[in-house]
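Each chain, letter by letter, is given below.
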Amino acid sequence: MRASSSPPHAPSGPATAAEPVRGRRELREFIELPYRLHGRDPSFVPPLREDCRRLLDRRRNPFFEYGDVELFTVRRGGRVAGRVAAVHNPRHNEIRAARDGFFGQFACADDPSVARELLDAAASWLRARGLRTMLGPVGFTTNDECGVLVDGFGRPPSVMMPYNPEYYPPLLESCGLTKAKDLWTWEETAGGLPMERLLRVARLAERRHQVTVRPLDLGARYDADMRVVQEVFERAWQGNWGFTPMTGAEFADVTRRLKAHLDPAIVQLAEVAGEPAGVALALPDLNQALTAARGRLTRFGLPIGMVRLVRAVRRIDRVRGVLFGVLPHARGRGVETVLFARGQEAIAARGYTGGTEYGWTLEDNQAVNGYLRRLGCARSRTYRIYGCDL
């Protein structure tokens, strides 16, 4: 059911035309809008403002080495009521042989006139660059947060997944956008996973095909291990809809930022006869702790948010399975089952008892979705990427 009222403190009055963001004050207003619109929603997990600033910083985000972005806001009653980023990703278009433009960073009051101004501005900016379609919401690349939640409301998102209230899908559809692709997440059903059967199959594969699994090394082998993660990610995903591999600089940036949040015991690397074969990368659900920081690590020069975050991290009991892939030459040898079974063993051994979210997966990836169903998982949430012709 659609939310019926505007968010608390929503500005009133007619919407202005969309304007590009210029200067520090307007950038601060752009960043602050989701906190103001959704801050009272118990499902909203406030991201760290420093992470938001870093994403938009042309000097620190390696996306800007090849891509371009224009930020727009719309005001109502003198206050920002909506925001959007128009994203030109020429690398995506070169690799995919496409002419796609993207929109992202979408946050908006429940007002179709504001949403139309935002999306019209993004479409015009993309059209001027010769692009033919507009897809979104997508954070700069499809390796960032993607989609709008269309079902599974009423609880916070998992780490590195987007949030939006229920009025966003009908708001976007009122602007003429239609479904381009759905992304699914999965969770274990009440009966749990068939661990005894999984372990029997895993032990057989380990003996018969020389499959071994080990945890990620956060020490001297970290960079080498992450290069294996990158290879598996690129080769296992290369045929997927919308996938564009990261540049070396982008992956190095992700590697550096992830290191502080990883639990290496629940990241599994598989080998067959000593050669890299697959990866199962799970992350502690940091979103369970981020709410405590309230979007800031420091306040009044004191590390108040940091202290709250560190304390809250100790209570994390959920996991998100972010990446699961097996290299083509190693498929059909039980590597998938070994990775999954040993990964679940590690998750349980580390005390994560609150469940695991898997995904996202593409709605039409029948092989992966069928595998998850056979393991006893059920779809938990749907995120939608919308599109329109330019």
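What you see is a predicted model, and the numbers here were worked out from it, not measured in a lab.

A short note on the overall build of the chain
Then, number 1: Assigned secondary structure in the chain consists of 12 helices and 13 strands.
Then, number 2: A globule of 390 residues ought to have a C-alpha radius of gyration of about 21 Å, and the chain, at 21 Å, matches this closely.
Then, number 3: On the principal axes, the C-alpha backbone points of the chain span a range of 70 × 50 × 40 Å.
Then, number 4: Sorting the 390 residues of the chain into buried and exposed places 52% on the buried side.

Some words on the state of the cysteines
Then, number 1: Counted by the stated rule, this structure contains zero disulfides.
Then, number 2: With no disulfide of its own, C146 lies closest to C52 among cysteine sulfurs, the gap being 16 Å.
Then, number 3: The exposure class assigned to C146 is buried, which follows from its relative accessible area of 2%.
Then, number 4: In this structure C175 is not part of a disulfide, and its nearest cysteine sulfur, from C108, lies 7.7 Å away.

As for the packing of aromatic side chains
Then, number 1: Taken as a whole and assessed by the stated rule, the structure comprises 15 aromatic pairs.
Then, number 2: Ring geometry for Y35 and F44: centres 6.1 Å apart, planes at 85 degrees, overall edge-to-face.
Then, number 3: Where F106 meets Y168, the ring centres are 5.4 Å apart and the plane angle is 80 degrees; that geometry is what we call edge-to-face. Linking F106 in strand β4 (residues 100-108) with Y168 in helix α5 (residues 168-173), this pair joins segments that are 62 residues apart in sequence.
Then, number 4: Here Y168 falls in the buried class, since its relative accessible area comes to 3%.
Then, number 5: Among the aromatic side chains, those forming a connected cluster through ring pairs are F63, F64, Y66 and F140.
Then, number 6: Its end group placed over the ring of W125, R129 keeps NZ or CZ at 3.7 Å from the ring centre.

Side note on the pattern of salt bridges
Then, number 1: On inspection of all chains with the given rule, the structure shows 26 salt bridges.
Then, number 2: Note that E363 is salt-bridged to K179, the shortest N-O span being 3.0 Å. A residue pair is termed long-range when its members are at least 10 positions apart, and E363 in the loop between β12 (356-362) and α12 (366-374) and K179 in strand β7 (residues 178-188) qualify at 184 residues.
Then, number 3: Looking at E363, the relative accessible area reads 22%, which means it is partly exposed.
Then, number 4: The salt bridge partner of R235 is E231, with a shortest N-O separation of 3.1 Å. Taken as a pair, R235 and E231 lie in helix α7 (residues 222-237) at a separation of four residues, close to a single helical turn.
Then, number 5: Through salt bridges with shared partners, a single network forms among E50, R53, D57, R59 and R60.

Some remarks on α7
Then, number 1: Given a rise of 1.5 Å per residue, 16 residues ought to cover 22 Å, and the 22 Å separating the end C-alpha atoms of α7 matches this to within 8%.
Then, number 2: Taken together, the buried positions of α7 are occupied by Y222, D225, M226, V228, V229, Q230, V232, F233, A236 and W237.
Then, number 3: Taken together, the buried residues of α7 touch β8 (211-215), α8 (248-258), β9 (267-272), β10 (275-284) and β11 (319-326).

Brief notes about the confidence of the model for the chain
Any region with low pLDDT has predicted coordinates that should not be read closely.
Then, number 1: When pLDDT is averaged along the chain, the result is 91; 96% of the residues meet or exceed 70.
Then, number 2: Averaged pLDDT values for the elements of the chain fall to 78 in helix α10 (residues 304-313) and rise to 98 in α5.
Then, number 3: Throughout residues 1-9 the model reports pLDDT below 50, and contacts reaching past four residues in sequence, or to other chains, amount to 19 contacts.

Brief notes about the nonpolar core
Then, number 1: Counting 37 residues, the largest nonpolar core has L216, V229, L262, I266, V279, L281 and L323 as its most contacted members.
Then, number 2: The set of elements that each furnish at least two residues to this core consists of α7, α8, β9, β10, α9 (287-293), α10, β11 and α11 (335-349).
Then, number 3: Once you skip the residues sitting within four places of it in the chain, L262 turns out to touch L216, L218, Y222, V267 and L283.
Then, number 4: Core analysis: the next-biggest nonpolar cluster, separate from the first, contains 32 residues, A107, Y167, Y168 and Y386 among them.

A closer look at the side chain of D57
Then, number 1: Among the secondary structure elements, D57 is positioned in the loop between α2 (49-56) and β2 (68-76).
Then, number 2: You can call D57 buried: its relative accessible area is 14%.
Then, number 3: In this structure the side chain of D57 is engaged in a polar contact, spanning 2.8 Å, whose partner is the backbone nitrogen of R59.

Procedures and definitions
- Residues numbered from 1 in each chain as written.
- Predicted model: local features only at pLDDT ≥ 70, side-chain atom pairs only at ≥ 80, totals over all residues.
- Heavy atoms only, no water.
- Helix = DSSP H or I, 4+ residues; strand = E, 2+ residues; numbered from the N terminus.
- Rg over C-alpha atoms; globule rule 2.2 N^0.38 Å.
- Buried < 20%, exposed > 50% of the residue type's maximum accessible area, 1.4 Å probe, protein only.
- Disulfide = S-S within 2.5 Å.
- Phe/Tyr/Trp six-rings, centres within 6.5 Å; stacked < 30°, edge-to-face > 60°.
- Lys NZ or Arg CZ within 6 Å of the ring centre and 35° of its normal.
- Salt bridge = Lys/Arg side-chain N within 4 Å of Asp/Glu carboxyl O.
- Expected span 1.5 Å × (residues − 1).
- Contact = heavy atoms within 4.5 Å.
- pLDDT = per-residue confidence, 0-100.
- Core = buried A, V, L, I, M, F, W, Y, C linked by side-chain atoms within 4.5 Å.
- Polar contact = N/O pair within 3.5 Å; in protein donor to acceptor, adjacent residues only side chain to side chain.

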